[in-house]
Amino acid sequence: MVAPDHLLEFAGLALVLVVVPGPSVLFAITRAITIGRREALFTVAGNAVGVYLQVAAVAFGLGTIVAASATAFTAVKLLGASYLIYLGVQAIRHRAGLAEAFTTEAPAIRRGTVSMLRDGLVVGFANPKSVVFLAALLPQFVDPNGWVPGQMLVLGLCIPLFGLIFDSTWALTAGAARAWFARSPQRLAAVGGAGGLVMIGLGTSLALTGRKD
């Protein structure tokens, strides 16, 4: 059983972590503008699942391994970076077709629910920074005399729950601006290319992130 004061303290840290815009926020905003609010919200949901899978992995030992092993850290980091870069390249390649998403004649361009959930899940799970963050902080808020993995699973719920709330808000706000871009195919092509560059930049930044040790 998690002590109420420990839960509140960790929730405060999790709130700060989520509120400060990071890769997941930029990813949700890019999705909302280039594809749509519905797809962005599914991406946010997938991201939350991916983050909670990190919590589970940390609770049962992966976080300690990643924190201690440069090889494991690099493997997780490069997985997430490669996937972000791939998504960015795809966004640039298909930027000219964004205008078709607003026509009834071309509904097939919309991404499927499973696809968007998968994209968010991969990006959420393959962020080594949050794995190390969780591995470093979660043990400080548990009672060693209780079932430690269970306590970590409860505490870790704070991050995906806050992520769902705040990342969805960012996505909805960005999606509201999408109508303005929809009035011009040139604007849509430009924002599609820019969104792709943002994702490539995020992936490159993640790939270049080193360990503090």
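Since this is a predicted model, take the numbers as computed values, not measurements. (Residues numbered from 1 in each chain as written. Predicted model: local features only at pLDDT ≥ 70, side-chain atom pairs only at ≥ 80, totals over all residues. Heavy atoms only, no water.)

Visitor: Go over the overall build of the protein with me, naming the residues and quoting the values.
Guide: Check the secondary structure of the protein and you find 11 helices and 0 strands. For the protein, the succession of helices and strands along the chain, N to C, is α-α-α-α-α-α-α-α-α-α-α. Counting across all 213 residues of the protein, residues that qualify as buried make up 44%. Intrachain contacts of the protein at a sequence separation of at least 6 include 87% that bridge at least 24 residues. Element-wise, carbon and sulfur atoms account for 71% of the exposed surface of the protein, whose accessible area totals about 10,600 Å². (Helix = DSSP H or I, 4+ residues; strand = E, 2+ residues; numbered from the N terminus. Buried < 20%, exposed > 50% of the residue type's maximum accessible area, 1.4 Å probe, protein only. Contact = heavy atoms within 4.5 Å. Areas by Shrake-Rupley, 256 points an atom, 1.4 Å probe, with all protein chains shown as cover.)

Visitor: An account of helix α9 (residues 158–176) is requested, with residue identities and associated values reported.
Guide: Given a rise of 1.5 Å per residue, 19 residues ought to cover 27 Å, and the 27 Å separating the end C-alpha atoms of α9 matches this to within 8%. Within α9, burial applies to Cys158, Ile159, Pro160, Gly163, Asp167, Ser168, Ala171, Ala174 and Gly175. (Expected span 1.5 Å × (residues − 1).)

Visitor: Requested: an account of a nonpolar patch on the surface, with residues and values cited.
Guide: Taken together, the side chains of Leu157, Leu161, Leu164 and Ile165 present a nonpolar region at the surface, about 340 Å² in accessible area. Among the residues examined, Leu164 registers a relative accessible area of 34% and is labelled partly exposed. (Patch = residues over 30% accessible without salt bridge, like charges linked within 9 Å, V, L, I, M, F, W, Y side chains within 5 Å. Salt bridge = Lys/Arg side-chain N within 4 Å of Asp/Glu carboxyl O.)

Visitor: Which residues make up the packing of helix α2 (residues 23–34) against helix α3 (residues 37–59), and what are the values?
Guide: Between α2 and α3, the least distance of the axes is 7 Å, while the angle of their chain directions is 155°. It follows that α2 is roughly antiparallel to α3 by the angle criterion. In this structure, α2 crosses over α3, and the sense of that crossing is right-handed. Residues Ser24, Phe27, Ala28, Arg31 and Ala32 of α2 pack against Arg37, Ala40, Thr43, Val44 and Asn47 of α3. When grouped by side-chain class, the residues that make up the contact of α2 with α3 number 5 nonpolar, 3 polar and 2 charged. (Axes fitted to C-alpha atoms, helices over the stretch in contact; angles between N-to-C directions. Parallel < 35°, antiparallel > 145°, perpendicular 65-115°, else oblique. Left-handed = near helix turned anticlockwise from the far one by under 90°. Nonpolar A, V, L, I, M, F, W, Y, C, P; charged D, E, K, R; others polar.)

Visitor: Explain the packing of aromatic side chains residue by residue, including any values.
Guide: The tally for this structure, following the rule as stated, stands at 1 aromatic pair. Ring centres 5.5 Å apart and planes at 70° place the aromatic pair Phe10 and Phe141 in the edge-to-face group. Taken as a pair, Phe10 in helix α1 (residues 4–19) and Phe141 in the loop between α7 (128–137) and α8 (148–156) lie far apart in primary sequence, 131 residues in all. Both residues of the pair, Phe10 and Phe141, belong to the buried class. (Phe/Tyr/Trp six-rings, centres within 6.5 Å; stacked < 30°, edge-to-face > 60°.)

Visitor: Just give me the short version of the side chain of Ser168, but keep the residues and values in it.
Guide: By the secondary structure assignment, Ser168 is in helix α9. Here Ser168 falls in the buried class, since its relative accessible area comes to 16%. Looking at Ser168, its side chain comes within polar contact range of the main-chain oxygen of Leu164, at 2.5 Å. Apart from residues lying up to four places away in sequence, Ser168 is in contact with Leu41, Val44 and Gly163. (Polar contact = N/O pair within 3.5 Å; in protein donor to acceptor, adjacent residues only side chain to side chain.)

Visitor: Account for the nonpolar core, with residues named and values stated.
Guide: Residues Phe10, Val58, Leu134, Leu138, Leu155 and Ile159 are the most contacted members of the largest nonpolar core, which totals 21 residues. Mapped by element, the contributors of at least two residues to this core are α1, α3, α7, α8 and α9. The contacts of Ile159, once residues within four sequence positions are left out, are Phe10, Ala14, Leu17, Val18, Val51, Phe133 and Leu134. (Core = buried A, V, L, I, M, F, W, Y, C linked by side-chain atoms within 4.5 Å.)

Visitor: How would you sum up helix α6 (residues 113–125)? Please name residues and give values.
Guide: Spanning 13 residues, α6 covers 18 Å between terminal C-alpha atoms, matching the ideal 18 Å at 1.5 Å per step. Regarding α6, the residues found buried are Ser115, Met116, Asp119, Gly120, Val123 and Gly124. Looking down the long axis of α6, one finds its buried residues gathered within 165° of arc, a one-sided arrangement. (Arc of directions from axis to C-beta.)

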